[in-house]
Each structure stands twice: as structure tokens, then as C-alpha cells.
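Residues per chain, in single letters:
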Amino acid sequence: DEQGFTTITFTTQESQVLINLLEQLLELLGDSSVTGDHSDPLMNLFGSSGNDSPPDDPVLRRLLPNAYSDESDAAEFRRYTESGLREKKRSAAHIVYEALPPSELQSDTEWNSDQPVDRSIFKVVIDSRDIQAWLTTLNDLRLALAVRLGIGERSAPDDSREKSNQRFELMTDNDPMKAVYAVYSWLGWLQQSLLELLIDGDEK
């Protein structure tokens with residue numbers, strides 16, 4: 001907060017979850033600079049998008065929706081904007097990805113320490129100019145997880161946020177989707193916290 005910077009404290013587990021999701025998001029958006037072997041289901045959601053057709057992949061359809069209800073207008077708009085939108089999302093995701101230290105450097109000491117200590121928590125310092133990139137990326141990650149959780153689907157218009165909360169809170173602890181929902185909720189809390197910081201900064 002001082003001198004235009006915001007500090008966020010992460011646990012090692014939270015950071016690893018975020019890194020994992022970011023790598024999957026970047027690959028999904030067509031970023032070849034991030035590679036790795038992941039078993040997360042999101043890694044299987046790859047689809048190629050034509051120049052003017054919506055992606056076949058359900059996550060990409062949520063991230064890159066049609067701008068117009070008319071198919072012809074939507075196709076024309078997509079032809080000239082989708083590439084740029086993908087690049088903006090990739091750039092924002094890279095800002096978040098590069099702010100997190102690699103696993104071997106995660107500690108509550110300086111990242112460039114000669115002998116980093118393995119700790120359960122560490123701090124990430126965010127330049128206030130990068131908060132918007134964080135907000136964009138966190139929103140994209142939530143949209144991707146929402147697809148996997150079936151939240152906000154047009155086929156289920158009566159499924160409100162409250163009903164979704166109730167449905168997932170009733171899941172047993174060994175249900176893998178409950179863990180996905182926990183991450184979805186955590187990302188929402190993080191997004192809201194950064195948004196409040198941004199609003200407070202604008203009002204000063």
C-alpha cells in the first residue's frame with residue numbers, strides 16, 4: 001500500500017494451486033512458453049478456434065464469448081478481435097505468474113536469497129499498476145472453474161449463486177468437486193480484496 005505497492009501473504013499450498021491454474025490457463029489460451037505435464041482436468045480442455053467461429057472448448061467459450069447475439073455480427077467481430085483478446089489475457093496472466101516465486105524459492109525471506117528457507121508462508125509484493133492484471137486473471141480463472149462446476153450455465157437459469165453455495169457446501173469432504181469449489185471461492189475472496197484496494201486507492 002505504501003509507495004504504490006500491495007503485499008499479499010500466500011501459503012505455499014495456495015501459491016502452488018494458483019501457479020497450476022495459471023499454467024493451465026496460459027496453455028488453454030495458446031501460450032507455448034508455459035509447458036508442463038498436469039493431471040488437472042482443465043488441461044484436457046483444449047480446442048482450436050476458427051477465425052470467426054466460437055471455440056468448441058466450453059472454457060474458451062466462457063472466456064471468449066460472442067459479442068453479439070446475431071451470428072453474422074458475432075463472427076465479424078470475433079474475426080478482428082479474438083487474437084487481441086487472447087493476447088491481453090495471456091499478458092495479464094503472465095504478470096500474475098511471474099509475481100509468484102518458483103516452488104524452490106517459496107519462503108518468507110527474500111526470493112533472491114542465496115539460501116532460501118522453505119516456509120509455509122511468503123509475501124508477494126504487487127505494483128499497484130498490476131492490480132488490474134490480477135483482477136482480470138483471477139476473473140478468468142474463476143470463469144474457467146465455474147464451467148467445471150456448472151455455475152452460471154445458461155441451461156440452468158434457476159441455479160442461483162445461493163443455490164450453488166448450498167449444493168457444494170453439502171458435499172462430502174472426499175468429493176473432488178468440493179475442493180474445486182473451495183478454490184473457486186478462495187479466488188473470489190482474493191479478487192474482491194484486490195478490488196476493494198483498487199477502489200480505496202482511487203478514492204484517496
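This structure is a prediction, so every number in the text was calculated from the model and none was measured. (Residues numbered from 1 in each chain as written. Predicted model: local features only at pLDDT ≥ 70, side-chain atom pairs only at ≥ 80, totals over all residues. Heavy atoms only, no water.)

**What to know about the overall build of the protein**
Moving on, step 1. Within the protein one finds six helices and two strands.
Moving on, step 2. Reading the helices (α) and strands (β) of the protein from amino to carboxyl end gives β-α-α-α-β-α-α-α.
Moving on, step 3. Residues counted as buried form 37% of the 204 residues belonging to the protein.
Moving on, step 4. Looking at the protein alone, contacts between residues at least 24 apart form 67% of all its contacts between residues at least 6 apart.
Moving on, step 5. Accessible surface for the protein amounts to roughly 12300 Å². Of this, 48% is attributable to carbon and sulfur atoms. (Helix = DSSP H or I, 4+ residues; strand = E, 2+ residues; numbered from the N terminus. Buried < 20%, exposed > 50% of the residue type's maximum accessible area, 1.4 Å probe, protein only. Contact = heavy atoms within 4.5 Å. Areas by Shrake-Rupley, 256 points an atom, 1.4 Å probe, with all protein chains shown as cover.)

**Here we look at the side chain of Arg-78**
Moving on, step 1. Considering the arrangement of structural elements, one finds Arg-78 in helix H3 (residues 71-99).
Moving on, step 2. Within the structure, Arg-78 has its side chain in polar contact with the backbone oxygen of Leu-64 (distance 2.8 Å).
Moving on, step 3. A distance of 3.0 Å separates a polar atom in the side chain of Arg-78 from a polar atom in the side chain of Asn-66. (Polar contact = N/O pair within 3.5 Å; in protein donor to acceptor, adjacent residues only side chain to side chain.)

**Some points on the packing of helix H1 (residues 12-28) against helix H4 (residues 131-149)**
Moving on, step 1. Interhelical geometry of H1 versus H4 gives an angle of 80° and a closest axis separation of 11 Å. When the axis of H1 is compared with that of H4, the two are roughly perpendicular. Contact with H1, carried on its side by Leu-18, Leu-21, Leu-22 and Leu-25, involves Trp-134, Thr-137, Leu-138, Asp-140, Leu-141 and Leu-145 of H4 and no other residues of that element.
Moving on, step 2. Along the lines of polarity and charge, the residues of the contact of H1 with H4 split into eight nonpolar, one polar and one charged. (Axes fitted to C-alpha atoms, helices over the stretch in contact; angles between N-to-C directions. Parallel < 35°, antiparallel > 145°, perpendicular 65-115°, else oblique. Nonpolar A, V, L, I, M, F, W, Y, C, P; charged D, E, K, R; others polar.)

**Some points on the environment of Leu-141**
Moving on, step 1. Here Leu-141 shows up in helix H4.
Moving on, step 2. Given a relative accessible area of 4%, Leu-141 falls into the buried group.
Moving on, step 3. For the pair Leu-141 and Leu-25, spaced 116 residues apart in the sequence, the C-alpha separation amounts to 7.2 Å.
Moving on, step 4. Beyond its immediate chain neighbours, meaning those up to four positions away, Leu-141 contacts Leu-18, Leu-21, Leu-22, Leu-25 and Leu-187.

**Let's talk about the pattern of salt bridges**
Moving on, step 1. Counted under the stated rule, the structure contains six salt bridges.
Moving on, step 2. A salt bridge links Arg-79 to Glu-76, with the nearest nitrogen and oxygen atoms 2.4 Å apart. Of this pair, Arg-79 and Glu-76 both sit in helix H3, three residues apart, which is roughly one turn of the helix.
Moving on, step 3. A relative accessible area of 39% means that Glu-76 is categorised as partly exposed.
Moving on, step 4. Residues Arg-78 and Glu-82 are paired through a salt bridge, measuring 2.5 Å at the closest nitrogen-oxygen approach. Pair noted here: Arg-78 and Glu-82 are both in helix H3, with a separation of four residues, about one helical turn.
Moving on, step 5. Judged by relative accessible area, Arg-78 falls into the buried class, the value being 4%.
Moving on, step 6. Look at the salt bridges and you will find they share partners, linking Arg-78, Glu-82 and Arg-86 into a network. (Salt bridge = Lys/Arg side-chain N within 4 Å of Asp/Glu carboxyl O.)

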